[in-house]
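# Residue-level structure breakdown
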Amino acid sequence: MAGVGLTDLNGWYRTRYGEAQKLVPEWAVLQGMFPFQERKQLGKDFREPIFLRREQGLTLVNGSNLGTIQTLNAAIPLHSEEAVITSNEIHMRSQIAYGAIAAAWNSGPAAFGSAMDEVILGLDESHRTVAEILMLYGGASSIGTAASFSGAGTSRTVTLTSASWAPGIWIQLEKALIDVYDAVGGTKLNTNATVEMTSVVDPDAKKILITGNSTDMTAIAAATNPVFVLVGAGGATAGSMHGVDAIVTNTGSMFGINASTYGLWKGNTYAVSSVPLTMGAIHSATTRLVNRGGYGEITYLLNPFAWQDVMDDQAALRRFSDSTKTEMVNGTTELKFYGTNGSAMTLRPHPMVKCGEAFGLMVDEWVRAGVSDLTNKLPGVGNEDFFLEVPDKTGCEIRNFSSQFIYCRKPAKQVKITGIVSRGAP
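What this report covers is the structure whose coordinates are included nearby. Note that the coordinates shown come from a computational prediction; the quantities given were computed from them, not determined experimentally.

### Focus on the overall build of the protein
Secondary structure assignment for the protein yields nine helices and 21 strands. Relative to its full complement of 426 residues, the protein shows a buried share of 45%. Counting every atom, the protein has about 20300 Å² of accessible surface; 51% of that belongs to carbon and sulfur.

As structure tokens, then:
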């Protein structure tokens, strides 16, 4: 490689980027909200006891019975179940030709750094992007729902439903591999090959172009409102962690605990009637979870279109005085209000949240953990090599890895708002 070797490349990487992977980009909202915690793994699983019912061994004494000996009612102890969570591995790789490395290296350290920045930092950002998408819509959920199709042969132009459209997801997935199902948790439609998300044709019209096997494309286009998911291990959705959407809307068994048996394991939903999101709706949604013990700080994640509606409404409705328990600065990144939760309700825009929905989360009840957050080497191995020779190829490869999950100890304190139709949304 014209005077440059792997030792030089790896030493340069450690000097320039050694701490870079610890940084979480601002748009990776959930990864910033839920700091990563390393947890000990039991076999393939992580386990934690979840307290699902309070002590109920109550005896009341009043009236003429005061001061007399009474028989205590039986003890009804608190009840806990063990949550069993499986970590989700994310692997990403990129390759760089010897010629490109040598040309950049021979131009000097500054030029080499500039040439490699996009590749190396881009790989980390791509990993963070996938992780953020899965933390929102992984597992028993989807990244979008088709409304209609056009085209023929090996490609189709897809118009997604307005409610499921999340521009911040699709614009990041050009050339990504996806699978298509007839419904969430249903039957896979692309049985011959994975599908490529070729491009976003028109974000204002919610149109994407997908490419794949001709037979698969025919089956997909014939389905009614099929859904899209990222490809998991071996093309199976089982490789994906459960995200916020799946956790908050779960009504059955998840992580080994059944929401139909234990009320604290079931989240809340609040539907608006196909109208723009307002603070009134947010207060009503908050009350749903407050009635189930959700007393404390809440963070709402909104699609930017819904965020703009709320921000415009608040700016138009009133001028905030110093004594009002509300914080709003035009152009800020957050809105903060106080409501029935007895504390702050913070509203944050998130480009990967679908246009038709929003999530209210009590952050302290969530855990992001696992074997490892984003890293370029396996934990405990001690391998400091970042650039790897590719056998039988004229180039080097760089990789990164994470093994993590998110889960919520008390879904009853979380809420999903649906039915939002924002004024500026496509």
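### Focus: the sheet that holds strand E16 (residues 344–349)
Taken in spatial order, the six strands make up an open sheet running E13-E21-E17-E14-E16-E15, and their pairing is mixed. In this open sheet, the two edge strands, each paired with only one partner strand, are strand E13 (268–275) and strand E15 (335–338). With direction set aside, neighbouring strand axes in the sheet form an average angle of 20°. Bridge count between strand E14 (residues 298–302) and strand E17 (residues 357–361): four bridges; the pairing is antiparallel. The residue bridging Tyr-300 from the neighbouring strand is Gly-360, located in E17. Against the sheet, helix H8 (residues 279–290) touches E13, E14, E15, E16, E17 and strand E21 (415–420), its axis set at about 160° to E13.

### Overview of the side chain of Asn-88
Positionally, Asn-88 belongs in strand E4 (residues 88–97). Asn-88 gets classed as buried once you look at its relative accessible area, which sits at 3%. Within the structure, Asn-88 has its side chain in polar contact with the backbone nitrogen of Met-241 (distance 3.2 Å).

### Describing helix H6 (residues 214–222)
Turning to H6, its buried residues number three or more, namely Asp-216, Met-217 and Ile-220. One side of H6 holds all its buried residues, which, seen down the axis, span an arc of 100°. Of the exposed residues in H6, those oriented more than 90 degrees away from the buried face are Thr-215 and Ala-222. Residues of H6 that are buried make contact with strand E5 (144–150), strand E6 (155–160), strand E7 (176–181), strand E8 (195–202) and strand E9 (207–211).

### Remarks on the pattern of salt bridges
The tally for this structure, following the rule as stated, stands at 13 salt bridges. Salt-bridge contacts for Lys-175 lead to Glu-196; the nearest nitrogen and oxygen are separated by 3.6 Å. Here Lys-175, found in the loop between helix H5 (167–170) and E7, pairs with Glu-196, found in strand E8; they are 21 residues apart in sequence, far enough to count as distant. For Glu-196, a relative accessible area of 25% translates into the label partly exposed. One salt-bridge network, in which partners are shared between bridges, spans Asp-45, Arg-47 and Glu-82.

### Notes on unusual backbone geometry
The residue Lys-206 is not glycine, and still its phi comes out positive at about 65°. Relative to the assigned elements, Lys-206 resides in the loop between E8 and E9. Residue class for Lys-206 comes out buried when judged on its relative accessible area of 12%. Of note in this structure, Ser-274 is not a glycine but carries a positive phi near 50°. Residue classification places Ser-274 among the exposed residues on the basis of a relative accessible area of 54%.

### What about the side chain of Asp-309?
In this structure, Asp-309 sits in helix H9 (residues 304–317). A polar atom in the side chain of Asp-309 sits 3.4 Å from the side chain of Ser-422. Sequence-distant contacts of Asp-309, defined by excluding residues within four places in its chain, comprise Pro-276, Leu-277, Ser-422 and Arg-423.

### Focus on the sheet that holds E5
Hydrogen bonds along the backbone pair up the strands of a sheet, which may run parallel or antiparallel. Within the closed barrel, the six strands sit side by side as E5-E6-E9-E8-E7-E10. Their pairing is antiparallel. If you compare each strand with its neighbour and ignore which way they point, the axes differ by 50° on average. Relative to E9, E8 is paired through five bridges, and the arrangement is antiparallel. Across the sheet, Val-200 pairs through a bridge with Ile-208, a residue of E9.

So, how was this worked out
- Residues numbered from 1 in each chain as written.
- Predicted model: local features only at pLDDT ≥ 70, side-chain atom pairs only at ≥ 80, totals over all residues.
- Heavy atoms only, no water.
- Helix = DSSP H or I, 4+ residues; strand = E, 2+ residues; numbered from the N terminus.
- Buried < 20%, exposed > 50% of the residue type's maximum accessible area, 1.4 Å probe, protein only.
- Areas by Shrake-Rupley, 256 points an atom, 1.4 Å probe, with all protein chains shown as cover.
- Pairing = 2+ DSSP bridges.
- Axes fitted to C-alpha atoms, helices over the stretch in contact; angles between N-to-C directions.
- Contact = heavy atoms within 4.5 Å.
- Polar contact = N/O pair within 3.5 Å; in protein donor to acceptor, adjacent residues only side chain to side chain.
- Arc of directions from axis to C-beta.
- Salt bridge = Lys/Arg side-chain N within 4 Å of Asp/Glu carboxyl O.

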